[in-house]
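Observations on the three-dimensional arrangement
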Amino acid sequence: MSSTKTRFLLDEENAPRSYYNLLADLKTPPPPPLHPGTMKPIGPDDLAPLFPKALIQQEVSTERDIEIPEAVREVYRLYRPSPLVRARALEKALGTPAKLYFKYEGVSPTGSHKPNTAIAQAYFNALEGTKRLTTETGAGQWGSSLAFAGQHFGLEVEVFMVRVSYDQKPYRRALMETFGATCIPSPSPRTSFGRQVLERDPQSPGSLGIAISEAVEAVGQKPGSRYALGSVLNHVLLHQTVVGLETMKQLELAGDAPDILVGCTGGGSNFGGFVFPFLGQQLRGGRAVRIVAVEPAACPSLTKGRYAYDFGDTGRMTPLVKMHTLGADFLPAPFHAGGLRYHGMSPLVSHVKELGLIEARAYDQLPCFAAAVQFARTEGIVPAPEASHAVKGAIDLALECKARGEAKTIVFNLCGHGHFDMQAYTDYFAGKLQESTLDPKALESSLGALPTVR
Ligand SMILES: *Cc1c(COP(=O)(O)O)cnc(C)c1O
């Protein structure tokens, strides 16, 4: 079937009614999270001060299909199903025999995939009486998404924003405030951990690890508060599977099936949400797919990190999870893809990497911006700096197909647009963006400080 169609749109009534849970199809489950004090596997009670019961249940559930409540689907309908697009102009520019498709999550209220989980998390929190949510944000995508979701379900939202992004992306803060949230640059004097960091380094650019510590500490500052995390955890990836589930149906509409899937990885949520439904199908005996995770060379947890138990935050307050980590003390260079500046990785993504079910590659930010510009000039969408890593990965794979004369079908997740990141593009065109290299000494030292777990 040869069609000239470019956009594959799914009707609202064909939108997914359940999330897909990969844990149902994995023969070996990932190692359990450990209590930071006892080093024993944590139970639901340990997480109860931070998360509502429904989300804790989703975190450990092995049920394959988990129903999406109607109240959540109603908010999803403001922007979902999102389009799947055949990148015909890019294919032509590359002269590749490969077919390139991208799933476009930039149509959401905040311009990325993040509202998919923010809406679900706000709903389940409101249902169990939460009044206020605290969280951290890197580039501001997650903070603005939780701010938007909090408005829908009547929650107050307080966001600790990594200092370097707070300075680089003032419009993200304005967006958070537009959606009714409070935004605080991190490290901040508001928490004892923030004060500690500032004492040591008043000019600290901050990091997601530091901001997480502050947001977790801030839960205890006001009754009725809980914490929300925008990536990494199983329930977050679960909510993001609407992306992959829609893509599956849209590829059917296109009369096509994927050979290669590509996504960028910060904490692993857009990647996991995009690829897990396909991986599940493969694990159940269906079509095998090559799955490629793309990460920044300056924060390369999957390609250069150690698979070990580590803290999710710099303040060492969170449970220990087994993941590919650069060490909780690792401070990534302040490159522009703020959403990818996380020392760790989703334990589920790490687990499937260890099982050999996915592969990973790392790119510097300069070739990623070059790929993003080529994408913008052909497909008309300016990718978020994070998403540019997926674009670069997909372009390279399409060129590898060209070299081998292979007409493969490559599908990638364009997880967000870059309309709030134009300063990064300005810097790129002015030649001010540097290769942000990894300091091997710093990595060695942060890996040396990993907790000892027997
Ligand atoms: C937050 C964010 C990321 C990184 O988070 P993941 O959990 O790895 O998806 C990537 N891209 C965009 C556009 C983001 O907002």
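None of the values given here were measured: they were computed from a predicted structure. (Residues numbered from 1 in each chain as written. Predicted model: local features only at pLDDT ≥ 70, side-chain atom pairs only at ≥ 80, totals over all residues. Heavy atoms only, no water.)

Overview of the sheet that holds strand 6 (residues 132–137)
One open sheet holds the 4 strands; their spatial order is 8-7-6-9, and the pairing between them is parallel. Across the chains shown, the open sheet's two edge strands, defined by having one partner strand only, are strand 8 (182–186) and strand 9 (225–227). On average, adjacent strands in this sheet sit at an angle of 25 degrees to one another, irrespective of strand direction. Pairing geometry for strand 7 (residues 156–162) and strand 8, over 5 bridges, is parallel. What sits directly across from Val-162, in strand 8, is Ser-186. On the sheet, helix 6 (residues 141–152) packs against strand 6 and strand 7 and is oriented at approximately 160 degrees with respect to strand 6. (Pairing = 2+ DSSP bridges. Helix = DSSP H or I, 4+ residues; strand = E, 2+ residues; numbered from the N terminus. Axes fitted to C-alpha atoms, helices over the stretch in contact; angles between N-to-C directions. Contact = heavy atoms within 4.5 Å.)

A look at the packing of helix 15 (residues 365–379) against helix 16 (residues 387–404)
Here helix 15 crosses helix 16 at 80 degrees, and the two axes come no closer than 8 Å. One way to sum up the angle between helix 15 and helix 16 is to call them roughly perpendicular. Seen from helix 15, the contacting residues are Pro-367, Cys-368, Phe-369, Ala-371, Ala-372, Gln-374 and Phe-375; seen from helix 16, they are Ser-388, His-389, Val-391, Lys-392 and Ile-395. Taken together, the residues of the contact of helix 15 with helix 16 sort by class into 8 nonpolar, 3 polar and 1 charged. (Parallel < 35°, antiparallel > 145°, perpendicular 65-115°, else oblique. Nonpolar A, V, L, I, M, F, W, Y, C, P; charged D, E, K, R; others polar.)

A closer look at helix 2 (residues 53–60)
Taken residue by residue, helix 2 has Ala-54, Leu-55, Ile-56, Gln-58 and Glu-59 as its buried positions. Check the buried side of helix 2 and you find it contacts helix 1 (44–47), strand 3 (65–67), helix 5 (115–127) and helix 11 (234–253). (Buried < 20%, exposed > 50% of the residue type's maximum accessible area, 1.4 Å probe, protein only.)

Notes on the nonpolar core
Counting residues in hydrophobic clusters, the biggest one holds 66 residues, and the most contacted among them are Tyr-76, Ile-119 and Phe-276. Ranked by residues supplied to this core, first place goes to helix 11 with 7 residues. Excluding residues within four positions of it along the chain, Phe-276 makes contact with Tyr-20, Leu-22, Leu-237, Thr-241, Leu-348, Val-349 and Val-352. Core analysis: the second largest hydrophobic core is formed by 43 residues, Ala-398, Cys-401, Cys-415 and Leu-447 among them. (Core = buried A, V, L, I, M, F, W, Y, C linked by side-chain atoms within 4.5 Å.)

Some points on the sheet that holds strand 15 (residues 409–414)
Sheet strands line up and pair through hydrogen bonds in the backbone, either parallel or antiparallel. The strand order across the open sheet built from 7 strands is 1-4-5-15-10-11-14, with neighbouring strands paired in mixed fashion. At either end of the open sheet lies a strand with only one pairing partner, and these are strand 1 (7–8) and strand 14 (359–363). Where strand 10 (residues 260–264) and strand 15 come together, 3 bridges link them in parallel fashion. Considered in strand 15, the bridge of Val-262 is made with Phe-412.

None of the figures reported here should be taken as evidence of function without further support.
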